[in-house]
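# Working through the structure, step by step
Spelled out, the chains give:
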Amino acid sequence: MEVVKNLVEIISFMCNSEFWRMAMLWTLSLISSYMSLFYQTLFPQESRCYPRCSLKDSTFVSPFVDRPICIITGATSGLGAAAAHALAKEGFYVVLVGRSSEFLSQAVSEIKSRNPDAYLKAFKVDLSSFESILEFKHSLGQWLHDSNMHPSVQLLLNNAGILATSRRVTSEGYDQMLAMNYIGAFCLTKVLRPLLENSVVPSRVVNVSSFTHRNVCCRHADTETISGKFFMKSKYYPYASIYEYSKLCILLFSYELHRKVGLTKKSHHLSIVAADPGAVKTNIMREIPSFVSTMAYTAMKLLGVLQSSETGVNAIVDAALAPPEVSGVYFFGGRGRSLNSSALSYDAGLAKDLWDASCGLFEELQEAARQDGNCAARTDDIRDK
């Protein structure tokens, strides 16, 4: 009976157009990215490779910062955990951010077993909740103060992301996948930007994107779209389309923040880059029937494009350790290599629309949090009386 149930689930999943979008378009966009790398190797017009810098370089040395702080979201498994291990090894004080206290403890223990000298701190944060992000900001500031550390952050790695196959809505009324993959990253960067700009050594934001962004044709970047309400009109949950769109948003956001920082006095100080790890075997496909995900991984392995987390993380570490002056760049393929992302991702008008809509959502969330805080304060006053 269980076999029949699983078979029905697999057939139902594969009959959905979103499955074929993943199977066909995602494969083509991945191959296209590697073909671009190959073309770049054959006809190098300018250097698109960047060396990794050591934290011992004089640029990163300061009497105020003993050990630069790196915050990694989605750090409990896969690429996040691999990045945490790699950057702790490089000398960062790594702050692991995740949704599960149990998984955070396991990740810390795993890194410590491989590198007993690693400096690690873990915080439980739900990036799909603005309230949780604000609590993290407060807890982080308190930790920095209690530890007598400089009130700054040197590296923010927005890595957290999910591939949800069913419609789920956050407490704030947003599509959970868009909230996790984009809105959370935008809000976290927004609230931590003062700490990044307060760094006495160069600081950086690394946003993890995906080759799947190349399949997006949607030119909408209004509140209805980025909150997911536009996609909720569909009879069936368009999970592949939403995932692609969230990864395009991350790129548009990266390039727009790069442009805005360039107009400030901090342009030499804070850099923003994007990283695409390619196809990596992680648990991101955990909501997809196991037979289908196994089939997908087998196909990618036969094509020679499937990587382990330890290999796939190279593009992310390249982005994190690129020279301080590198900004507005899209890293892909490891070995310090970069590519042009899709033409749509460089649409300045679309990026501005996205920025304005995202700031609007941020302000709404701030106001809601402020009102909740006032209500809580009034309740406490009543209790005291």
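Look up: the structure comes first, before these words.
Below: a short report on this structure. Note that this is a predicted model, so its numbers are computed, not measured. (Residues numbered from 1 in each chain as written. Predicted model: local features only at pLDDT ≥ 70, side-chain atom pairs only at ≥ 80, totals over all residues. Heavy atoms only, no water.)

So, about the packing of helix H1 (residues 2-14) against helix H9 (residues 290-303). Contact geometry of H1 with H9 gives a least axis separation of 9 Å together with a crossing angle of 55 degrees. Of the possible angle classes, the one that applies to H1 and H9 is oblique. Of the residues in H9, those in contact with Ile10, Phe13 and Met14 of H1 are Phe291, Val292 and Met295. Here the residues of the contact of H1 with H9 sort into six nonpolar, no polar and no charged. (Axes fitted to C-alpha atoms, helices over the stretch in contact; angles between N-to-C directions. Helix = DSSP H or I, 4+ residues; strand = E, 2+ residues; numbered from the N terminus. Parallel < 35°, antiparallel > 145°, perpendicular 65-115°, else oblique. Contact = heavy atoms within 4.5 Å. Nonpolar A, V, L, I, M, F, W, Y, C, P; charged D, E, K, R; others polar.)

Attention shifts here to a nonpolar patch on the surface. On the surface, Trp20, Met24, Leu25 and Leu28 cluster together into a nonpolar patch covering about 400 Å² of accessible area. For Leu28, a relative accessible area of 51% gives the class exposed. (Patch = residues over 30% accessible without salt bridge, like charges linked within 9 Å, V, L, I, M, F, W, Y side chains within 5 Å. Areas by Shrake-Rupley, 256 points an atom, 1.4 Å probe, with all protein chains shown as cover. Salt bridge = Lys/Arg side-chain N within 4 Å of Asp/Glu carboxyl O. Buried < 20%, exposed > 50% of the residue type's maximum accessible area, 1.4 Å probe, protein only.)

What follows concerns the pattern of salt bridges. By the definition in use, this model includes ten salt bridges. Where salt bridges share partners, they join Glu256, Arg259 and Lys260 into one cluster.

What follows is about unusual backbone geometry. One can expect most non-glycine residues to show negative phi and most peptide bonds to be in trans. If you check the backbone angles, Asn148 has positive phi at about 55 degrees while not being a glycine. In the Ramachandran plot, Arg335 falls in the positive-phi region, its phi being about 55 degrees despite a non-glycine side chain. Here Arg335 shows up in the loop between strand E7 (330-332) and strand E8 (338-339). Given the relative accessible area of 67%, Arg335 is considered exposed.

Spacing of three or four residues puts side chains on the same side of an α-helix, whose turn is 3.6 residues. Here helix H5 (residues 130-146) contains 17 residues, and its C-alpha end-to-end distance of 24 Å stays within 8% of the 24 Å for a straight helix at 1.5 Å per residue. For H5, the full list of buried residues reads Phe130, Ser132, Ile133, Phe136, Leu140, Trp143 and Leu144. The arc that holds every buried residue of H5, seen down its axis, measures 150 degrees, which confines them to one face. Projecting away from the buried face of H5 at angles above 90 degrees are the exposed residues Glu131, His138, His145 and Asp146. Directly beyond the C-terminal end of H5, a positive phi value near 55 degrees is found at Asn148. (Expected span 1.5 Å × (residues − 1). Arc of directions from axis to C-beta.)

What follows is about the pairing of strand E5 (residues 203-208). Judged by how many residues are buried, E5 sits mostly within the fold: six of six residues are covered. Of the two faces of E5, the one holding Ser203, Val205 and Asn207 and the one holding Arg204, Val206 and Val208 are both buried throughout. Summarising the sheet, strand E4 (residues 155-158) and E5 pair through four bridges and their orientation is parallel. Of the residues in E5, the one forming a bridge with Asn158 is Asn207. Following the chain from E4 across helix H6 (residues 176-197) to the adjacent parallel E5, one finds a crossover that is right-handed. Looking at chain direction, E5 and strand E6 (residues 270-276) are connected through six bridges and run parallel. When the bridges of E6 are listed, Asn207 appears paired with Ala274. (Pairing = 2+ DSSP bridges. Right-handed = clockwise from strand over helix to strand, strands pointing away.)

Right, let's get into the packing of aromatic side chains. For the structure on display, the rule yields 20 aromatic pairs. Following the ring pairs from residue to residue traces out a cluster consisting of Tyr93, Tyr119, Phe123, Phe136 and Trp143. A cation over a ring is seen here: Lys121 above Phe123, with NZ or CZ 5.5 Å from the ring centre. A cation sits over an aromatic face here: Lys190 above Phe362, 5.7 Å from the ring centre. (Phe/Tyr/Trp six-rings, centres within 6.5 Å; stacked < 30°, edge-to-face > 60°. Lys NZ or Arg CZ within 6 Å of the ring centre and 35° of its normal.)

Turning next to the packing of helix H2 (residues 17-42) against helix H8 (residues 239-262). Any two packed helices are characterised by the angle at which their axes cross and by the distance between the axes. Contact geometry for H2 and H8: axes closest at 7 Å, N-to-C directions at 50 degrees. Considered as vectors, H2 and H8 are oriented oblique to each other. Contacts between H2 and H8 involve Glu18, Phe19, Arg21, Met22 and Trp26 from the first element and Tyr239, Ala240, Ser241, Tyr243 and Glu244 from the second. Residues belonging to the contact of H2 with H8 are distributed by class as follows: six nonpolar, one polar and three charged.

Looking at the secondary structure, you find Arg337 in the loop between E7 and E8. Setting aside residues no more than four positions away along its own chain, Arg337 makes contact with Leu37, Arg48, Cys49, Asp318, Phe331 and Phe332.

So, about the sheet that holds E6. Read across the open sheet, the eight strands follow the order E3-E2-E1-E4-E5-E6-E7-E8; overall the sheet is mixed. Two strands bound the open sheet, and with one partner strand each, they are strand E3 (119-124) and E8. Of the strand pairs in this sheet, E6 and E7 are connected by three bridges, and their pairing is parallel. Looking at E7, one finds that Asp276 is bridged to Phe332. Helix-sheet contacts for H8 involve E5, E6 and E7, and the interaxial angle to E6 is about 160 degrees.

A separate point is the nonpolar core. Formed by 86 residues in total, the largest nonpolar core has its most connected members in Ile71, Phe136, Leu140, Leu163, Met177, Leu192 and Tyr239. Grouped together as the second largest cluster of nonpolar side chains are 38 residues, Val94, Leu96, Val208 and Val329 included. (Core = buried A, V, L, I, M, F, W, Y, C linked by side-chain atoms within 4.5 Å.)

Below, the discussion takes up the environment of Pro51. Take Pro51: it is sitting in the loop between H2 and strand E1 (69-73). Sequence-wise, Pro51 and Asp318 are 267 residues apart; in three dimensions their C-alpha atoms are separated by 7.6 Å. Apart from the residues within four sequence positions on either side, Pro51 is in contact with Leu321, Ala322 and Pro323.

Counted at 1.5 Å a residue, the expected span for H2 with its 26 residues is 38 Å, and the 37 Å between its end C-alpha atoms agrees. Three or more residues of H2 are buried, namely Glu18, Phe19, Met22, Trp26, Ser29, Leu30, Ser33, Leu37 and Gln40. Packed against the buried residues of H2 are H1, H8, H9, E7 and E8. Of the residues that open H2, the one with a side-chain oxygen 2.8 Å from the backbone nitrogen of Glu18 is Asn16. (Polar contact = N/O pair within 3.5 Å; in protein donor to acceptor, adjacent residues only side chain to side chain.)

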